[in-house]
Amino acid sequence: MKKIIIANWKMNPSTEGEAVKLAKAEDEKNVVIVPPFPFLKSVKNVLRNASLGAQDVFYEKEGAYTGEVSPVMLEKLGVAYVIVGHSERRRLGEDDAMIAKKVRAAMDTGLKVILCVGEPLNVRRKGKRAVDVFIKKQLSYIKNKKNLIIAYEPVWAIGTGKNADPDDAARVAEVIRKKLPVPVLYGGSTNSRNAKSFLEKKEIAGLLVGGASIDPREFGKMVTIARHIRS
Ligand code: PEP
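This structure is a prediction, so every number in the text was calculated from the model and none was measured.

Conventions we followed
- Residues numbered from 1 in each chain as written.
- Predicted model: local features only at pLDDT ≥ 70, side-chain atom pairs only at ≥ 80, totals over all residues.
- Heavy atoms only, no water.
- Helix = DSSP H or I, 4+ residues; strand = E, 2+ residues; numbered from the N terminus.
- Buried < 20%, exposed > 50% of the residue type's maximum accessible area, 1.4 Å probe, protein only.
- Contact = heavy atoms within 4.5 Å.
- Areas by Shrake-Rupley, 256 points an atom, 1.4 Å probe, with all protein chains shown as cover.
- Lys, Arg positive; Asp, Glu negative; His and termini not counted.
- Charge placed at Lys NZ, Arg CZ, Asp CG, Glu CD.
- Salt bridge = Lys/Arg side-chain N within 4 Å of Asp/Glu carboxyl O.
- 1 Å grid on protein atoms, 1.4 Å probe; cavity = no way out; pocket = protein on both sides within 12 Å on 5 of 7 lines; lining within 4 Å.
- Points joined across faces, edges and corners; volume = space filled by probe spheres on them.
- Nonpolar A, V, L, I, M, F, W, Y, C, P; charged D, E, K, R; others polar.
- Expected span 1.5 Å × (residues − 1).
- Near = heavy atom within 4 Å.
- Polar contact = N/O pair within 3.5 Å; in protein donor to acceptor, adjacent residues only side chain to side chain.
- Axes fitted to C-alpha atoms, helices over the stretch in contact; angles between N-to-C directions.
- Parallel < 35°, antiparallel > 145°, perpendicular 65-115°, else oblique.
- Left-handed = near helix turned anticlockwise from the far one by under 90°.
- Pairing = 2+ DSSP bridges.
- Right-handed = clockwise from strand over helix to strand, strands pointing away.

Peer 1: I would appreciate a short explanation of the overall build of the protein chain in the present structure.
Peer 2: A count of helical and extended segments in the protein chain gives 10 helices and eight strands. Counting the 231 residues in the protein chain, one finds 53% classified as buried. Sequence-distant contacts in the protein chain: of pairs separated by 6 or more residues, those separated by 24 or more amount to 68%. Looking at the protein chain as shown, the accessible area adds up to about 11500 Å², and 50% of this sits on carbon and sulfur atoms. Here the protein chain holds 41 positive side-chain charges and 26 negative ones, and the gap between their average locations is 4 Å.

If you want it as structure tokens, here you go:
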């Protein structure tokens, strides 16, 4: 299976014009472009090779939920993937129970789910066993593995310039796969200099890229690296 690279643009760029330009620059096979909600449609219109993803989803199909976006709305826009449980959303108050509801609703609508899991620094400091226990607990809420991808993203590595040790990331990916046999990505301050060290691990199916994904040159180098990895 080819390695997959997900571009999580977070709350970038500021304008639709910039989003379309960035999407055109990153439109490669085995790439998923994940722009902010307002740019989904215009990005979709220019993609020829990459798939489209959304950064979040709500768990109800319709109703009085101010500010939320339903899985059906996303699916109708041509969205194929949705990120659920990103640590930046967990930090704003989403818990494992809510995340499990979002996963189920997205799957029921036919969306592929990229579920983010990962330990905070205080857990990592306690050692590998504590990390494994923490991640298994996050996974224990998930009952269905159809259309599921897991992104192992240690919270202390996201946007910090710090990386997991690739051997340990591969080890955690295997722990995850024993509980839920699905593709496992790595995410956390990846760039063109460290991408290979993660992508060459057979346990790691690809990368979830944040900061580096809004730099098309840097992202392009990562996609090229992924393409040259034998799996
Ligand atoms: C992310 O947004 O999931 C992420 C891993 O961000 P970054 O690559 O910037 O650490």
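Peer 1: Looking at this structure, how should I read the pattern of salt bridges?
Peer 2: Overall, the coordinates contain 15 salt bridges when judged by the stated rule. Between Glu94 and Lys102 there is a salt bridge, with its nearest N and O atoms 2.8 Å apart. By relative accessible area, which is 9% here, Glu94 ends up buried. Shared partners join several salt bridges into a network, and the residues in it are Glu119, Arg124, Asp132, Asp168 and Arg171.

Peer 1: Before we go on, may I ask you to explain the layout of surface pockets in this structure?
Peer 2: The calculated volume of the largest pocket comes to roughly 440 Å³. Looking at the largest pocket, it is lined by 18 residues, and the ones nearest its centre are Lys10, Met11, Gln55, Asp56 and Arg89. Residues belonging to the lining of the largest pocket are distributed by class as follows: eight nonpolar, four polar and six charged.

Peer 1: In this structure, what is going on with helix H5 (residues 96–108)? I would like to understand it.
Peer 2: Residues separated by three or four positions in an α-helix point in the same direction, a consequence of the helix having 3.6 residues per turn. End to end, H5 covers 18 Å across 13 residues, agreeing with the expected 18 Å (1.5 Å per residue, within 8%). Along H5, the positions that sit buried rather than exposed are Asp96, Ile99, Ala100, Lys102, Val103, Ala105, Ala106 and Met107. Turning to H5, the residues buried within the fold contact helix H3 (71–76), strand E4 (81–84), helix H4 (87–90), strand E5 (112–117), helix H7 (128–139) and strand E6 (148–152). Just beyond H5, the residue with positive phi is Gly110, at close to 95°.

Peer 1: Got a minute to help me understand the site of the ligand in this structure?
Peer 2: Around the ligand sit 14 residues in total, of which His86, Glu153, Gly159, Ser189 and Gly211 are the nearest. A distance of 2.7 Å is found between an oxygen atom of the ligand and a side-chain nitrogen or oxygen belonging to Glu153. In this structure, an oxygen atom belonging to the ligand sits 2.6 Å away from a main-chain N or O atom of Gly159. Bound to the protein, the ligand loses 96% of the 300 Å² it would expose on its own.

Peer 1: Can you help me understand the packing of H7 against helix H8 (residues 166–179) in this one?
Peer 2: In the contact formed by H7 and H8, the axes pass within 10 Å of each other and the chain directions differ by 40°. With respect to each other, H7 and H8 are oriented oblique. Judged by the twist between their axes, the crossing of H7 over H8 is right-handed. For the pair formed by H7 and H8, the contact residues are Lys128, Val131, Asp132, Ile135, Lys136 and Leu139 on the first element and Asp168, Arg171, Val172, Val175, Ile176 and Lys179 on the second. Split by residue class, the contact of H7 with H8 holds six nonpolar, no polar and six charged.

Peer 1: Sorry if this is basic, but what is going on with the pairing of E6 here?
Peer 2: In the case of a regular strand, side chains alternate between the two sheet surfaces. Counting buried positions over the five residues of E6 gives five, a clear majority of the element. Residues Leu148, Ile150 and Tyr152 point to one face of E6 and Ile149 and Ala151 to the other, with burial holding for every one of them. Of the strand pairs in this sheet, E5 and E6 are connected by five bridges, and their pairing is parallel. Bridge pairing in E6 places Val117 opposite Tyr152. As defined by bridge partners, E6 adjoins strand E7 (residues 184–187) across three bridges and the pair is classed as parallel. Pairing of Ile150 across the sheet is with Val184, part of E7. Read as a crossover between parallel neighbours, the route from E6 over H8 to E7 is right-handed.

Peer 1: What's the story with the sheet that holds E7 in this structure? I'm lost.
Peer 2: Whenever strands of a sheet pair, they do so through backbone hydrogen bonds, lying parallel or antiparallel. An order of E1-E2-E3-E4-E5-E6-E7-E8 is seen for the eight strands of this closed barrel, with the pairing classed as parallel. Neighbouring strand axes in the sheet, compared pairwise and without regard to direction, differ in orientation by 25° on average. Across four bridges, strand E1 (residues 4–8) lies against strand E8 (residues 206–209) in parallel orientation. Across the sheet, Ile5 pairs through a bridge with Leu207, a residue of E8. The strands that helix H10 (residues 216–227) touches are E1, strand E2 (31–34) and E8; relative to E1, the one it contacts most, it runs at about 165°.

Peer 1: Any chance you could explain the environment of Tyr59 here in plain terms?
Peer 2: Considering the arrangement of structural elements, one finds Tyr59 in the loop between strand E3 (51–54) and H3. The spacing of Tyr59 and Ile99 is 40 residues in sequence and 8.6 Å in space, taken between C-alpha atoms. Those residues within four positions of Tyr59 in sequence are excluded, and the remaining contacts are Met98, Lys101, Lys102 and Ala105.

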